[in-house]
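Residue strings, one per chain:
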Amino acid sequence: MKKILFFVVLLVLFCTPVYSSVTTTSGNFTLDFYEDMLSGIENRWIFEFTVNDPDGQGGIEDLFFDITFYNIAINFANAFNIENQFYAFSYLDPHYPVISSNQLPTPVNTTYLFYATPLLAVVLDDKLWPVMGTFGIRLEDETVMINGPVDFTTVPEPACCLLFVFGSYFLYRSFLKKK
């Protein structure tokens, strides 16, 4: 039983998706940035933005926000994002993407999913490399860093599945078959 538990722990450690999450100092906003693994769309990333209520019920009811992304490779003005009355997309200087409250404050306990796609790629060693690495976000007079999930060419989904199966088999042979 101990070997099976150890095997499961190893799989979880080695097979966790790249994920970056941060909450502002005030507790008003939580930001998550991760790869969209469920839709099957290549190189699409999800920016999950949650408006929190740090005071509990009866405190703050809604908030305005302005999020500036200091990475010119991120594109939010794409076909995956649907216009909403609570936010608008724009660009600052005209390179940095901005998501901001439009004219209505956003109710607390609201979560938005914004779909990011890369605009640019860097050519190194005759290969294309996505440039959505570590980048800064300016929100509520606070700048936070998000550890970008991409500094390398993504592996296609079938290859990931084969690598996972091979890794599972290797761990099984290494830890469960030895007596």
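That block above? That's the structure.
Here the structure is a predicted model, which means the values were calculated and not measured.

Q: Which residues make up the overall build of the chain, and what values do they have?
A: In terms of regular secondary structure, the chain is built from two helices and 14 strands. For the chain, the proportion of its 179 residues judged to be buried stands at 40%. Partitioning the intrachain contacts of the chain with sequence separation of at least 6 by distance along the chain shows that 60% fall at a separation of at least 24. Looking at the chain as shown, the accessible area adds up to about 11,000 Å², and 62% of this sits on carbon and sulfur atoms.

Q: Describe in detail the sheet that holds strand β5 (residues 66–70), supporting the description with residues and values.
A: Taken in spatial order, the five strands of this open sheet run β7-β8-β5-β13-β14, and their pairing is antiparallel. Since the sheet does not close on itself, it has two edges, and those belong to β7 (87–92) and β14 (142–146), each with one partner. The average undirected angle you get between the axes of adjacent strands in this sheet is 20 degrees. With four bridges connecting them, β5 and strand β13 (residues 135–139) associate as antiparallel partners. Bridge assignment links Tyr70 to a residue of β13, and that residue is Gly136.

Q: How would you explain the pattern of salt bridges if you had to name every residue and give the values?
A: Under the counting rule described, the total for this entry stands at one salt bridge. Taking the shortest distance from any N to any O, the salt bridge between Asp36 and Arg44 comes out at 2.5 Å. Of the residues examined, Asp36 reaches a relative accessible area of 8% and is grouped as buried.

Q: Which residues make up the packing of aromatic side chains, and what values go with them?
A: The full count for this structure, using the stated rule, is 19 aromatic pairs. An angle of 85 degrees between the planes, with centres 4.7 Å apart, marks the rings of Tyr87 and Phe114 as edge-to-face. Of this pair, Tyr87 sits in strand β7 while Phe114 sits in strand β10 (residues 110–118), placing them 27 residues apart in sequence. Stacked on the ring of Phe80, the Lys or Arg Arg44 has its end atom at 4.6 Å from the ring centre. Residue placement shows Arg44 over the ring face of Tyr115; its charged tip is 4.1 Å from the ring centre.

Q: Residues and numbers for the pairing of β13, please.
A: Within β13, four of the five residues are buried, leaving the element largely enclosed by the surrounding structure. Direction of pairing for β13 relative to β14: antiparallel, over a ladder of five bridges. Among the inter-strand pairings, Arg138 is bridged to a residue of β14, identified as Thr143. From the end of β13 to the start of β14, which pair antiparallel, there are two residues, and Glu140 there has a positive phi angle of about 55 degrees.

Q: Could you give me a rundown of unusual backbone geometry, with the residues and numbers involved?
A: Of note in the backbone geometry, Glu140 takes a positive phi value of approximately 55 degrees without being a glycine. Relative to the elements of secondary structure, Glu140 occurs in the loop between β13 and β14. Overall, the relative accessible area of 32% leaves Glu140 in the partly exposed class. A positive phi angle, near 55 degrees, is found at Asp141, a position not held by glycine.

Q: So what's going on with the environment of Ser101? Which residues, and what values?
A: Secondary-structure assignment places Ser101 in strand β8 (residues 96–101). Using a relative accessible area of 10% as the deciding quantity, one classes Ser101 as buried. In this structure, the C-alpha to C-alpha distance between Ser101 and Asp66, residues 35 residues apart in sequence, is 6.4 Å. Those residues within four positions of Ser101 in sequence are excluded, and the remaining contacts are Leu63, Phe64, Phe65, Asp66, Phe86, Tyr87 and Thr106. Among the polar contacts made by the side chain of Ser101, one reaches the main-chain amide nitrogen of Phe65 at a distance of 2.7 Å.

Rules and cut-offs
- Residues numbered from 1 in each chain as written.
- Predicted model: local features only at pLDDT ≥ 70, side-chain atom pairs only at ≥ 80, totals over all residues.
- Heavy atoms only, no water.
- Helix = DSSP H or I, 4+ residues; strand = E, 2+ residues; numbered from the N terminus.
- Buried < 20%, exposed > 50% of the residue type's maximum accessible area, 1.4 Å probe, protein only.
- Contact = heavy atoms within 4.5 Å.
- Areas by Shrake-Rupley, 256 points an atom, 1.4 Å probe, with all protein chains shown as cover.
- Pairing = 2+ DSSP bridges.
- Axes fitted to C-alpha atoms, helices over the stretch in contact; angles between N-to-C directions.
- Salt bridge = Lys/Arg side-chain N within 4 Å of Asp/Glu carboxyl O.
- Phe/Tyr/Trp six-rings, centres within 6.5 Å; stacked < 30°, edge-to-face > 60°.
- Lys NZ or Arg CZ within 6 Å of the ring centre and 35° of its normal.
- Polar contact = N/O pair within 3.5 Å; in protein donor to acceptor, adjacent residues only side chain to side chain.

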